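Listed below are the residues making up each chain.
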Amino acid sequence: MDNTSTSDIVIINGNSHPDLANMVAERMGLKNGGCSVFHKSNRETIVEISDSVRGKDIYIIQTGTKDANNNIMELLIMAYACKTSSARSIVGVIPYLPYSKQCKMRKRGCIVSKLLAKMMCTSGLTHIITMDLHQKEIQGFFDIPVDNLRASPFLLQYIQESIPDYRNSVIVARNPGVAKKANSYAERLRLGLAVIHGEQKEAESDEVDGRYSPPPTRNSTPQHAPSSSRTRTTSVSVGVPEHPVKVKPPLTIVGDVNGRIAIMVDDLIDDVMSFVAAAEMLKENGACKIYVLATHGLLSSDAPRLLEESVIDEIVVTNTIPHEIQKLQCHKIKTIDISILIAEAIRRIHNKESMSYLFRNVTLED
């Protein structure tokens, strides 16, 4: 990009992933803007922007990490600081959107990603660039444009160039919920598909809570309640069918993996217990090698140790989330750089060019 087209671009970042921000700025031929984000002794977040942002297009690169709440507050305060300093536009570049897995109502909880979207819009962000949202419908929570980039071309390229004899592979969906994504990979690589069905342990959605309490009976109605109320409450339960209890089947594999290379694909690797259990089942069914590919490698808690001790041969993730410490604990983790994709997205948005090029040959199932 020439200097005339980038003179009004300012790239700043918080503390979540400065290396990625520097790589993006370098690819665009820019220097990182002067923004200092630090915390006071009482953990309040302070943001100081040394360069002028008046009338300029600001791109805030701030991804989600294991310190999600601080990442969010830093982003909101940086955006609001730019808004009150008369920036022309403020684009949030959030490769991994925190709380994106909390995009459905569970029990008496709430849809946290909807709340987060409202907070981002209120803080002053005018556009969002993210990557591989857990559910693409999350884009509807925002009142501003959202560009959901795809990392699948990088992962597909890795399979073709770095996995020996990948033609003898089978794409594996760790559970039926990932089957759509796995099917897209299988079709693009012209490989077979296998799906792991069943649960090793009880799912969170099946835990007992107050919503499954039985309706009150006549004997449980308070004595001081009006007789009409007791009658009405009792009559409601008559004829209401009991909800059948789910019985989770044991883990089974639908598809042939015997003598094949198994490639599990997903959007996020965080709690790895399910990946390890799936890998053990694949090994028992004759898989000769096992790879795990995902866009975001959060790898919380003791995930690196569990992966190192597992039968998984290689874990491939992009650098949307910093994981250098985890790589020191597990030599199986490989990283793919996606900074060029983010830099190209910023360039196209700034020059008001179509984003379709970045989504060519990408279907809704990705």
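Residues numbered from 1 in each chain as written. Predicted model: local features only at pLDDT ≥ 70, side-chain atom pairs only at ≥ 80, totals over all residues. Heavy atoms only, no water.

- The name given to the protein in an unreviewed UniProt entry is Phosphoribosyl pyrophosphate synthase-associated protein 2 isoform X8, and the organism recorded there is Drosophila lebanonensis.
- Its UniProt record gives the protein the following Sequence similarities (unreviewed entry) comment, quoted word for word: "Belongs to the ribose-phosphate pyrophosphokinase family." (UniProt positions renumbered as here; feature names shortened; annotations may be inferred.)

1. A word on the nonpolar core
- Ranked by internal contacts, the top residues of the largest apolar core, which has 48 residues, are Ile-11, Val-24, Ile-171 and Ile-263.
- Looking at this core element by element, the count peaks at 6 residues for helix α11 (residues 339-350).
- Summarising the domain contributions, this core has at least three residues from each of domain 1 (9-149) and domain 2 (153-199 + 250-336).
- When residues no more than four places from it in sequence are discounted, the contact partners of Val-24 are Ile-11, Ile-61, Ser-339, Ile-342, Ala-343 and Ile-346.
- Within the second largest apolar cluster, 31 residues are counted, among which are Leu-76, Cys-82, Ala-87 and Cys-103. (Core = buried A, V, L, I, M, F, W, Y, C linked by side-chain atoms within 4.5 Å. Buried < 20%, exposed > 50% of the residue type's maximum accessible area, 1.4 Å probe, protein only. Helix = DSSP H or I, 4+ residues; strand = E, 2+ residues; numbered from the N terminus. Domains from an automatic or database assignment. Contact = heavy atoms within 4.5 Å.)

2. Describing the confidence of the model for the protein
- Overall, the predicted model of the protein reaches an average pLDDT of 88, with 85% of residues at or above 70.
- Mean pLDDT across the secondary structure elements of the protein bottoms out at helix α1 (residues 3-6), with 50, and peaks at strand β5 (residues 89-94), with 98.
- For residues 201-207, every residue scores under 50 in pLDDT, and the model assigns this stretch 10 contacts once sequence neighbours within four places are set aside.
- In the predicted structure, residues 361-366 sits below a pLDDT of 50 and forms 14 contacts with residues beyond four places in sequence or in another chain. (pLDDT = per-residue confidence, 0-100.)

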